[in-house]
Amino acid sequence: MEKDCGVKEYKILFVCLGNICRSPAAEEVMRVLLAKEGLGDAVKVDSAGLIAYHEGELPDSRMRMHAYLRGYSLSHRSRPIRKSDFKDFDMIIGMDSNNVEDLTELAPDDESRSRVFKMTRFLQTKRADSVPDPYYGGTEGFELVLDLLEDSCSGLLAFVRQRLSCR
Ligand code: 4NP
């Protein structure tokens with residue numbers, strides 16, 4: 001995450017509560033989009049959770065199934081966020097207001113706090129205040145997550161392109 005001309009890759013971390021539903025899906029939706037746009041080497045993505053409860057687990061089987069039906073293969077292993085993430089990543093993106101509040105509190109200083117965003121800020125065509133937690137709900141919740149992630153990832157791509165062009 002150095003600021004000089006394209007020497008180092010740009011890094012984005014997606015964060016949700018458990019790191020088994022929303023953020024691993026966001027990571028893969030964004031990775032596929034970046035690859036399609038030829039930016040797979042320039043921009044790296046990862047995801048993490050605010051709790052360690054599911055550490056080491058693959059994404060929730062329902063999330064994997066709904067993602068698979070749209071062509072995404074989710075293979076991330078859940079991991080909790082760590083202090084070094086605030087130094088390593090150029091953007092740290094929470095899925096809802098609770099995530100963003102927690103990240104804001106965990107950030108070690110104002111500079112890293114300025115790199116915390118909410119995913120829905122990047123929505124293009126849909127309107128929502130959060131990517132809602134689908135864990136305790138049904139099928140529609142997982143579809144909504146993917147709808148919101150696909151829409152916001154295209155907005156995020158435009159945002160990142162601008163940032164890359166400024167370096
Ligand atoms: P996620 O969903 O934050 O989108 O990964 C959740 C997964 C697990 C739990 C909560 C939310 N949990 O409480 O175990």
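Read on for an overview of the structure. (Residues numbered from 1 in each chain as written. Predicted model: local features only at pLDDT ≥ 70, side-chain atom pairs only at ≥ 80, totals over all residues. Heavy atoms only, no water.)

What follows deals with the state of the cysteines. Counted under the stated rule, the structure contains 0 disulfides. Note on Cys21: no disulfide assigned, nearest cysteine sulfur contributed by Cys16 at a separation of 6.9 Å. We classify Cys21 as buried; its relative accessible area is 5%. Lacking any disulfide linkage, Cys153 is separated from the closest cysteine sulfur, that of Cys16, by 13 Å. (Disulfide = S-S within 2.5 Å. Buried < 20%, exposed > 50% of the residue type's maximum accessible area, 1.4 Å probe, protein only.)

Right, let's talk about the site of the ligand for a bit. If you check the shell around the ligand, you find Cys16, Leu17, Gly18, Asn19, Ile20, Cys21, Arg22, His54, Asp133, Tyr135 and Tyr136 and nothing else. The contact in question runs from an oxygen atom of the ligand to an N or O atom on the backbone of Cys21, over 2.9 Å. Surface burial for the ligand is 92%, taken as the share of its 360 Å² of free accessible area covered by protein chains. Of the residues contributing to the shell around the ligand, the split by class is 6 nonpolar, 3 polar and 2 charged. (Near = heavy atom within 4 Å. Polar contact = N/O pair within 3.5 Å; in protein donor to acceptor, adjacent residues only side chain to side chain. Areas by Shrake-Rupley, 256 points an atom, 1.4 Å probe, with all protein chains shown as cover. Nonpolar A, V, L, I, M, F, W, Y, C, P; charged D, E, K, R; others polar.)

Once that is clear, we can look at the nonpolar core. Counting 37 residues, the largest nonpolar core has Ile12, Phe14, Met30, Met91, Ile93 and Leu156 as the members making the most contacts within it. Within the residue set of this core, elements represented by two or more residues are strand S1 (10–16), helix H1 (22–36), strand S2 (43–49), helix H2 (61–69), strand S3 (91–94) and helix H6 (139–165). Among the elements that take part in this core, H6 stands out by supplying 10 residues, more than any other. Residues within four places of Phe14 in sequence aside, it is in contact with Ser23, Ala26, Glu27, Met30, Val45, Asp46, Ser47, Ala48, Ile93, Met95, Met119 and Leu156. By size, the runner-up hydrophobic cluster in this structure holds 12 residues, among which are Val15, Leu50, Leu103 and Ala107. (Core = buried A, V, L, I, M, F, W, Y, C linked by side-chain atoms within 4.5 Å. Helix = DSSP H or I, 4+ residues; strand = E, 2+ residues; numbered from the N terminus. Contact = heavy atoms within 4.5 Å.)

Along any regular strand the residues' side chains alternate between the sheet's two faces. In terms of burial, S2 is a largely internal element, 6 of the 7 residues being buried. In this sheet, S2 lies alongside S1 in parallel orientation, the contact comprising 7 bridges. Bridging from a neighbouring strand, Leu13 pairs with Asp46 of S2. Since S1 and S2 lie parallel, the crossover through H1 that links them has a hand, and here it is right-handed. (Pairing = 2+ DSSP bridges. Right-handed = clockwise from strand over helix to strand, strands pointing away.)

Note that an α-helix has 3.6 residues per turn; residues three or four places apart therefore point the same way. When helix H4 (residues 97–106) is considered as a whole, its buried residues turn out to be Asn99, Val100 and Leu103. The buried residues of H4 occupy one face: seen down the axis, they fall within an arc of 95°. More than 90 degrees from the buried face of H4, the exposed residues found are Asn98 and Glu105. Tucked into the core, H4 has its buried residues touching S1, H1, helix H3 (85–88), S3 and strand S4 (116–118). Taking the backbone nitrogen of Asn98 as reference, a side-chain oxygen 3.1 Å away marks Asp96 as the first, capping residue of H4. (Arc of directions from axis to C-beta.)

Okay, the environment of Gly49 next. Note on placement: Gly49 falls in strand S2. Judged by its relative accessible area of 0%, Gly49 is buried. With 30 residues separating them along the chain, Gly49 and Arg79 place their C-alpha atoms 6.0 Å apart. Non-local contacts of Gly49, meaning those with residues more than four positions away in its chain, are made with Cys16, Leu17, Gly18, Asn19, Arg79, Pro80 and Ile81.

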